[in-house]
Amino acid sequence: EVQLVQSGAEVRMAGESLRISCKGSGYSFTTYWIGWVRQMPGKGLDWVGIINSGDSETRYSPSFEGQVLISVDKSINTAYLHWGTLRASDTAMYYCARVRKTGAKPVGSWDFWGQGTLVTVST
Amino acid sequence: QSVLTQPPSVSGTPGQRVSISCSGSSSNIGTNAVNWYQQIPGTAPKLLIYSNTQRPSGVPDRFSGSKSGTSASLAIGGLQSEDEADYYCATWDDSLNGPVFGGGAKLTVL
């Protein structure tokens, strides 16, 4: 059974750093990309970035470029989303999902999703 | 402002058929396959339709997708109360070189 399990809710102060995780199981982890989206309270899905779990090739949304870092540790089938300096506006639910490929490009559907990690940043 | 345009809300009565539109451009829907996601309040999104018209295992055939040119549509037949959710369209954008999502459509079953 394919599963993506995310780390638990986090509360931080503005200016602090944070890393949340997404662990895949039940499939060949390195043959898929992992994508991240943000969902602010009461709002829609915003693409953050995607990473190739096999070779760590990463692409970021222009809205998030330079604000977050996405990485992967394929030895433990885990992807990460990292903030160096949190802001109150980062308060949101963050979801990871497995991304299907067409050929080598991650243009397919996001077919399995994690349960979400709620990040709360206080000032 | 989302790259893909969806109506913010749609509604219908039990048993009715409703459709949700998704409008894009030549760099996204015009070139790439469209996927649809269902998000029941308080839960993670779930893949509902992939590759324009395909249903993952376990998705009822009341849900169907279509695409024409730079627009796509999700249809839900035999509406049920448990279909109340937010529905998002998504695809790849060749100009952005990344995925794009619609703003989401909230379905209310009256």
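A brief report on the enclosed structure follows.

Procedures and definitions
- Residues numbered from 1 in each chain as written.
- Chains lettered and ligands numbered in written order.
- Predicted model: local features only at pLDDT ≥ 70, side-chain atom pairs only at ≥ 80, totals over all residues.
- Heavy atoms only, no water.
- Disulfide = S-S within 2.5 Å.
- Helix = DSSP H or I, 4+ residues; strand = E, 2+ residues; numbered from the N terminus.
- Buried < 20%, exposed > 50% of the residue type's maximum accessible area, 1.4 Å probe, protein only.
- Core = buried A, V, L, I, M, F, W, Y, C linked by side-chain atoms within 4.5 Å.
- Contact = heavy atoms within 4.5 Å.
- Pairing = 2+ DSSP bridges.
- Axes fitted to C-alpha atoms, helices over the stretch in contact; angles between N-to-C directions.
- Buried area = accessible area lost by both parts, 1.4 Å probe.
- Salt bridge = Lys/Arg side-chain N within 4 Å of Asp/Glu carboxyl O.
- Polar contact = N/O pair within 3.5 Å; in protein donor to acceptor, adjacent residues only side chain to side chain.
- Nonpolar A, V, L, I, M, F, W, Y, C, P; charged D, E, K, R; others polar.

1. Some points on the state of the cysteines
Two cysteines joined by a covalent bond between their sulfur atoms form a disulfide.
Logical step 1: If you walk through the whole model with that rule in mind, you get 2 disulfides over all chains.
Logical step 2: The disulfide that involves A:C22 links it to A:C96, with 2.0 Å between the sulfurs. The sign of the 80 degrees torsion about the S-S bond sets the A:C22-A:C96 disulfide as right-handed. Of this pair, A:C22 sits in strand β3 (residues 18-25) while A:C96 sits in strand β9 (residues 92-99); the two residues are 74 residues apart in sequence, bridging distant segments of the chain. For the pair A:C22 and A:C96, a shared accessibility class is recorded, and that class is buried.
Logical step 3: Residue B:C22 pairs covalently with B:C89 via a disulfide, S to S 2.0 Å.

2. Thoughts on the nonpolar core
Logical step 1: Grouped together as the largest cluster of nonpolar side chains are 26 residues, with contacts concentrated most on A:I20, A:I34, A:W36, A:L81 and A:W83.
Logical step 2: Listed by contribution, the elements that provide at least two residues to this core are β3, β4 (33-39), β5 (45-52), β7 (68-73), β8 (78-83), β9 and β11 (117-122) of chain A.
Logical step 3: Discounting residues that sit within four places of it in the chain, A:I20 has contacts with A:S7, A:E10, A:W36, A:A79, A:Y80, A:L81, A:W83, A:Y94, A:T117 and A:V119.
Logical step 4: The next biggest cluster of nonpolar side chains, apart from the first, holds 23 residues, and it includes B:C22, B:W36, B:F63 and B:A105.

3. What to know about the pairing of strand β1 (residues 9-12) of chain B
Residue and element names in this part refer to chain B.
Logical step 1: The two faces of β1 differ: V10 and G12 on one face are buried, but S9 and S11 on the other face are not.
Logical step 2: In this sheet, strand β9 (residues 105-109) lies alongside β1 in parallel orientation, the contact comprising 4 bridges. Across the sheet, S11 pairs through a bridge with T108, a residue of β9.

4. Section: the sheet that holds strand β6 (residues 71-76) of chain B
The strands making up a sheet are joined through hydrogen bonds of the backbone, oriented either antiparallel or parallel.
Residues and elements named next belong to chain B.
Logical step 1: Overall, antiparallel pairing links the 3 strands, which are arranged β2-β6-β5 in an open sheet. Each edge of the open sheet is held by one strand with a lone partner, namely β2 (18-23) and β5 (63-68). Sheet twist, expressed as the mean angle between neighbouring strand axes with direction ignored, is 20 degrees.
Logical step 2: Bridge count between β2 and β6: 6 bridges; the pairing is antiparallel.

5. A closer look at the interface of chain A and chain B
Logical step 1: Contact with chain A, which involves 20 residues of that partner, is made by 17 residues of chain B.
Logical step 2: Taken together, the two surfaces of chain A and chain B that pack against each other cover about 1500 Å², and 66% of this comes from carbon and sulfur.
Logical step 3: If you look at where chain A meets chain B, you find 0 salt bridges.
Logical step 4: Counting the contacts that link chain A with chain B gives 6 residue pairs in polar contact (both at pLDDT 80 or more).
Logical step 5: For the side of chain A that touches chain B, the elements supplying multiple residues, two or more each, are β4, β5 and β10 (110-113) of chain A.
Logical step 6: Of the residues contributing to the side of chain A that touches chain B, the split by class is 10 nonpolar, 6 polar and 4 charged.

6. Considering the sheet that holds β7(A)
Residues and elements named next belong to chain A.
Logical step 1: Ordered by their spatial adjacency, 4 strands build an open sheet running β1-β3-β8-β7, and the pairing between neighbours is antiparallel. Every other strand in the sheet has two partners, leaving β1 (3-6) and β7 as the edge strands with one partner each. Within the sheet, the average angular offset between the axes of one strand and its neighbour, ignoring direction, is 20 degrees.
Logical step 2: Where β3 lies against β8, 6 bridges are found, and the strand directions are antiparallel. Residue pairing across strands places L18 opposite W83, the latter belonging to β8.

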